[in-house]
Amino acid sequence: MKRPKLKKASKRLTCHKRYKIQKKIREHHRKVRKEAKKRGRKKPKKDPGVPSAAPFKEELLREAEQRKQRLEELKQKQKLNRQKEHEKKRKLEAKKNAAKVKEKAEGKESSVKSKAKTNKLLDKNSKKSFCRELKKVIEASDVVLEVLDARDPMGCRCPQLEQAVTCSGGDKKLLLVLNKIDLVPKENLEKWLHYLKEEFPTVAFKSATLMKDRTMQEQFKKRRARVDLSRTTECFGSKCLLKLLQQHGKTQNKAIQVGVVGFPNVGKSSIINSLKGVRACNVGLARGVTKSMQIVHIDKQTKMLDSPSIIADPSNSALALALRSIIDTEESDSADVLEGVDAILNHCSKQQVMMHYSIPDFRNTEEFLTLLAQKRGMLKKGGVPDIENIAKLLLCDWTGAKISYHSQPPVSQRPPPYLTEDKIAEMQECWNLKNLEEENNTTVQALKYPSPASSIIFQSPGMANGTIEENKVIEEASEWESLETGKEGQEEEEDFTESEDDQDDVEEEEKDETKVQVTRKAKLGKQQTSLTNSEKQIAESEHSNSLSLSLGKTADEDDAYDFNTDYV
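Predicted model, so just to flag it, every value in this text is computed and none were measured. (Residues numbered from 1 in each chain as written. Predicted model: local features only at pLDDT ≥ 70, side-chain atom pairs only at ≥ 80, totals over all residues. Heavy atoms only, no water.)

Undergrad: Honestly, the packing of aromatic side chains in this entry has me stumped. Any pointers?
TA: Two measures describe an aromatic ring pair: the distance that separates the ring centres and the angle between the ring planes. Under the counting rule described, the total for this entry stands at six aromatic pairs. Taking the centre distance of 5.8 Å and the plane angle of 90° together, the rings of tryptophan 192 and tyrosine 195 count as edge-to-face. Residue tryptophan 192 and its partner tyrosine 195 are located together in helix 5 (residues 186–196), separated by three residues, close to a single helical turn. On the basis of relative accessibility, which here comes to 1%, the residue tryptophan 192 falls in the buried class. Residue classification places tyrosine 195 among the buried residues on the basis of a relative accessible area of 7%. Between tyrosine 405 and phenylalanine 458 the ring centres are 5.1 Å apart and the planes differ by 55°, which places this aromatic pair in the tilted class. Note that tyrosine 405 is positioned in strand 8 (residues 405–406) and phenylalanine 458 in the loop between strand 9 (456–457) and strand 10 (466–467), a separation of 53 residues in sequence. Given the relative accessible area of 2%, phenylalanine 458 is considered buried. Aromatic rings pair up to connect Tyr357, Phe362 and Phe368 into one cluster. Sitting above the plane of the tyrosine 19 ring, arginine 18 keeps its charged end 5.6 Å from the centroid. (Phe/Tyr/Trp six-rings, centres within 6.5 Å; stacked < 30°, edge-to-face > 60°. Helix = DSSP H or I, 4+ residues; strand = E, 2+ residues; numbered from the N terminus. Buried < 20%, exposed > 50% of the residue type's maximum accessible area, 1.4 Å probe, protein only. Lys NZ or Arg CZ within 6 Å of the ring centre and 35° of its normal.)

Undergrad: Can you help me understand empty space enclosed by the protein in this one?
TA: Picture a little ball the size of a water molecule; that probe, rolled over the atoms, points out where space is still empty. A full pass over the atoms with the stated rule returns one cavity of 30 Å³ or more. Approximately 50 Å³ is the volume attributed to the largest cavity. Among the secondary structure elements, those contributing two or more residues to the lining of the largest cavity are helix 8 (238–252) and helix 16 (433–446). When residues of the lining of the largest cavity are assigned to their parent elements, the largest contribution, four residues, is made by helix 8. Here the residues of the lining of the largest cavity sort into three nonpolar, three polar and two charged. (1 Å grid on protein atoms, 1.4 Å probe; cavity = no way out; pocket = protein on both sides within 12 Å on 5 of 7 lines; lining within 4 Å. Points joined across faces, edges and corners; volume = space filled by probe spheres on them. Nonpolar A, V, L, I, M, F, W, Y, C, P; charged D, E, K, R; others polar.)

Undergrad: In this structure, what is going on with the pattern of salt bridges? I would like to understand it.
TA: Where side chains of opposite charge bring their charged atoms close, a pairing between them can arise. Taken as a whole, this structure holds 13 salt bridges when the rule is applied. Residue aspartate 361 is joined to lysine 350 by a salt bridge in which the shortest nitrogen-to-oxygen separation is 3.0 Å. Remark: lysine 350 occurs in helix 12 (residues 350–357) and aspartate 361 occurs in the loop between helix 12 and helix 13 (365–376); sequence separation between them is 11 residues. A relative accessible area of 36% places lysine 350 in the partly exposed class. Among the salt bridges present, the one from aspartate 397 reaches arginine 376, with a minimum N-O distance of 3.8 Å. (Salt bridge = Lys/Arg side-chain N within 4 Å of Asp/Glu carboxyl O.)

Undergrad: I keep staring at the sheet that holds strand 2 (residues 173–179) and nothing clicks. Help me out?
TA: Two orientations exist for strands paired in a sheet by backbone hydrogen bonds: parallel and antiparallel. The six strands are arranged 3-2-1-4-6-5 in an open sheet whose pairing can be described as mixed. Either end of the sheet is taken by a strand with one partner, and the two such strands are strand 3 (202–204) and strand 5 (294–297). Going across the sheet, the axis of each strand differs from the next one's by a mean of 25°, ignoring polarity. When strand 4 (residues 256–261) meets strand 6 (residues 302–306), the two strands line up parallel, connected through five bridges. By the bridge assignment, glutamine 257 is partnered in strand 6 with lysine 303. Across the face of the sheet, helix 4 (residues 159–166) comes into contact with strand 1 (143–149), strand 2 and strand 4 while running at roughly 145° to strand 2. (Pairing = 2+ DSSP bridges. Axes fitted to C-alpha atoms, helices over the stretch in contact; angles between N-to-C directions. Contact = heavy atoms within 4.5 Å.)

Have a look at this one:
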């Protein structure tokens, strides 16, 4: 058996073989030399130049240089002539094109605007379409369910929506559904239920996050052994909500339509799925999954209308925009995401955040994100922490159902100005409120809750303003369009002026170039002197500024040493 080759093969040769190779090489070189001699190949002779003994050596050299210069000048002239011809052709073409553009621009302005309008109408991701679909749901529904996140119920309330429903007239009712109650301590949940029921009838709800799909029942059964489905598949408060809606349908003596409305990632679609018992609507961690109105039949008497999320008004605080706006984390700017994370951390207790993420003390958001990225192994090339992606992931955690945090309800009951006593009484009519309280108590007692120590205390920013009216969104779009059209007009004007200015001859440009070369030399001397003077002035101003700053500070501030800073 052959021994396996563990090392690379050696390049050593026997002396006999090496000498043989050298001999063959020598013979080959000898043969090449002989062939070259036979061919008579000679090296090209160098130009000897003018001999030093020649009588008119200097004159001959001058003549040779002059010939060279003439040849170069001729070449340059030919080049310039070609360039002039090209420029003339280009100017003629530019004039023709400008005339055609003018004719087309006047005729196409109206057609372009109409096309832009149709494209915007077709674009489902636009804010305008979201508003349109939301308004459809509000108008079509007899009962509107405003879904609130139990962790921040006040931040999920939209005053514009509530006002639109209460002031719409007719028998339209508004119900508050407090979702994600399993992520909040029990005492805090009871306080919020007590606070909200005085304004609108509220239902405590915990939707089923992992829902059966009709096509995926076999896979679901296989996964049952691995996954703890007690928390994900069970839903609480669905019976209470269905009873309320069925009773309202009986009093009205007709089939009712129930619109489900709220800010993104509140759990609108998951509530419909849990009431239906099957995954009827698409659900995801990404914001703005639902883009149009969707009708789901639950009974003969009740239809559920799923709606796209409310668009947060840009006038809201940074925290409200971070948690409630439709942000696409993949496409959004890193500055907006970092600002949102900074707002969240400023509204939480620092120690609880450190305990939850098991991270040491941090000074600012960037340091916190770097520590979190290092802990979770989110690093770029060279071990640099990926701050942008970790910030996006943190935002998804806070809007999703991962982190347990809670906010305290206001101390005093101050209803908004659009909610008068008559309106509150009107909204609470036709509902069995005693039965609702009993059902809420049973759901509250049935669930497991996080302890107050493990849940992060969060300062709510208050009610979040939302844009429901389509006109406001259209105004923003129209302003943007007008800006774009203005820019296009300016660009066209610039093109026309350029074509007119290019009519000057190239000969004048050549004359100007010679003048410029003369003036440059004169300017260089002046610039050197002016630079020295300006540098002196800047140095004096900087010295005076530094003196004024140092005088402004007190002796204590100057000598104060910050022990938090580390010097490496």
